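What the coordinates show
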Amino acid sequence: MASNNRLDLIVVGSGPGGYVAAARAAQLGLSVACIEKDERLGGVCLNVGCIPSKALLDSSEHYHMAKTRFADHGIQTGRIRLDLGTMMKRKETVVQGLTENVRSLLEGSKVRIIRGTAILKGNDRVAVTTESRNKKPEMLEATSILLATGSLPVTPPDLAFDNNRIISSTEALSLDTVPKHLIIVGGGYIGLELGSVWLRLGAKVTVLEMLPQIAGALDSLAARTLQRILAKQGMIFKLGARVTGAKPSGQQVKVAIETGDKRETLTGDRVLVAVGRKPNTDGLGLDAAGVALNEKTGHIQVDESYQTTAEGIYAIGDLIAGPALAHKASAEGAAVVERLARRPGLVNYDTIPSVIYTFPEVASVGLTEAQARERAIGYCVGTFPFTGTGRARCMGETDGFVKMISDAKTDRVLGVHIIGPRAAEMIGECVLAMEFGASAEDIARTVHGHPTFSEGLQEAASVATHCSIYRGPEKK
Ligand code: NAI
């Protein structure tokens, strides 16, 4: 370590990619600065993404359960009323606590935290500007620079946000009244999660999805089941519906839709546009530094060590290709700095779980059936419905299933798709099993606690292994 402004590593961005990389690098003995433009650390995930949405999902689920399900359990309540202000304050407290944890982690690891906007000035230096006009940009130098500035919502030109009637997920996490009719453009992660929050709190919710299936990346059986369950809860779906524009007028907003040859207009009081996210690369000075983008997707191009086309400059998380998931960014952040510290750092992209926090939750890892078919892999499928597990019956939540896909020749687990309560926690066992190269039989022979939801996983594994071992490869 040399002067205060000469470091081993500069990390730009303090989200789950950046803060994990900065802390890990410091723990490995590197001198590190982490530059963040916002006052609060933690990036989109902690401030306006994963964490506040889960806080609202949990609160709204309690409200909905109290209103609709407590009576089934023999619990009588008075009139259940919503105090949205308190719900929002609680969410804010959760976020505040976690962002402070990130600060403590970085400070405790001796990472220098710098507030400001970073611009690359070559492959070993960065200028940091602050909002204060009188302050000259601070120059920092480092052997390596790691870009971890995340992503922004995609804004289609005919659906420009006005932050009032036409909103992104950021505003949808902080509304001060329950919309009468929330129209959601995009039936992906954000649309389904935030749609669930406002549906439970009393809004009419219509989801417009241009593809024939919601949550396009999901296994199609899981996607169809999720849609059926959410529709039963009251969510309205229009599939194959392309939104061609939205116009606010007074307290309302009109949304134009094309479904095949049919054109129609829907009227609501808010429109949430959730049609994907794009890499946040503007203003970083990438061009001048020689950092190339993929022209089609806008992602930063990296090699297998996450190095960009400029030597010494690295990029991770939503800036590069792959799923835009916090845990993928964290894994890449740890891997890149481990390599910089001359240790092995690897991410297994075959075992990155994904979860949609609806009720019930949907959790997946590995290949879908369609992907196994595309790759011409002979596979077996083991499915088990939660109606067959005692724990689900005790809870009164039997919707959903576990679907396991295994290699027909080797019995190795290729993918697992779960829809049901606690799916987000259950998928951890599947990720670990796949990391260790487990076969379906390994899971089927593993003793699972009774009564638990994870017995459904064991049962699905028994069905899959029965197919691969005892019946021989199924012809698909
Ligand atoms: P998404 O990619 O999940 O879904 C966007 C949907 O919008 C797609 O189904 C697409 O077909 C549809 N669409 C695009 N243009 C349209 C149009 N004009 N009309 C109608 N439909 C249209 O993107 P989303 O929901 O914005 O989330 C962004 C990313 O954030 C996700 O891909 C995910 O990586 C991350 N995320 C993860 C969460 C989690 O892990 N639980 C929660 C929320 C977001």
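Thresholds applied
Residues numbered from 1 in each chain as written. Predicted model: local features only at pLDDT ≥ 70, side-chain atom pairs only at ≥ 80, totals over all residues. Heavy atoms only, no water. Pairing = 2+ DSSP bridges. Helix = DSSP H or I, 4+ residues; strand = E, 2+ residues; numbered from the N terminus. Axes fitted to C-alpha atoms, helices over the stretch in contact; angles between N-to-C directions. Contact = heavy atoms within 4.5 Å. Near = heavy atom within 4 Å. Polar contact = N/O pair within 3.5 Å; in protein donor to acceptor, adjacent residues only side chain to side chain. Areas by Shrake-Rupley, 256 points an atom, 1.4 Å probe, with all protein chains shown as cover. Disulfide = S-S within 2.5 Å. Buried < 20%, exposed > 50% of the residue type's maximum accessible area, 1.4 Å probe, protein only.

**Section: the sheet that holds strand β20 (residues 379–385)**
Spatially, the five strands line up as an open sheet ordered β18-β19-β22-β21-β20, and their pairing is antiparallel. Two strands in the sheet have a free side with no partner beyond their single neighbour: β18 (354–356) and β20. Ignoring which end each strand starts from, the neighbouring axes of this sheet average 10 degrees apart. For strand β21 (residues 401–407) and strand β22 (residues 413–420), the ladder comprises six bridges, and the chain directions are antiparallel. Paired with K403 across the two strands is H417, which belongs to β22. Against the sheet, helix α12 (residues 423–435) touches β18, β19 (361–366), β21 and β22, its axis set at about 10 degrees to β19.

**Some details on the site of the ligand**
The environment of the ligand is formed by 21 residues, the closest being E193, E209, G276, A324 and V355. Within the side chain of E193, an N or O atom sits 2.8 Å from a nitrogen atom of the ligand. A274 has a polar backbone atom sitting 3.5 Å from an oxygen atom of the ligand. Bound to the protein, the ligand loses 80% of the 850 Å² it would expose on its own. Put simply, the parts of the chain that give the shell around the ligand at least two residues each are α6 (189–200), β10 (204–209) and β12 (241–249).

**Focus on the state of the cysteines**
For the structure shown, the criterion picks out one disulfide. Two residues share a disulfide in this structure: C380 and C467, whose sulfurs sit 2.0 Å from each other. With the S-S dihedral at roughly -70 degrees, the linkage between C380 and C467 falls on the left-handed side. Of this pair, C380 sits in strand β20 while C467 is found in helix α14 (residues 454–470), placing the two residues 87 residues apart along the sequence. The pair formed by C380 and C467 is uniform in burial state, with each residue classed as buried.

**Thoughts on the sheet that holds strand β11 (residues 236–239)**
Read across the open sheet, the five strands follow the order β8-β15-β9-β10-β11; overall the sheet is parallel. Each end of this open sheet is capped by a strand with a single partner; those strands are β8 (166–167) and β11. Here β10 pairs with β11 via four bridges, running parallel. Residue V207 lies in a different strand from β11, and its bridge partner there is F237.

Shape descriptors only; they carry no functional weight alone.
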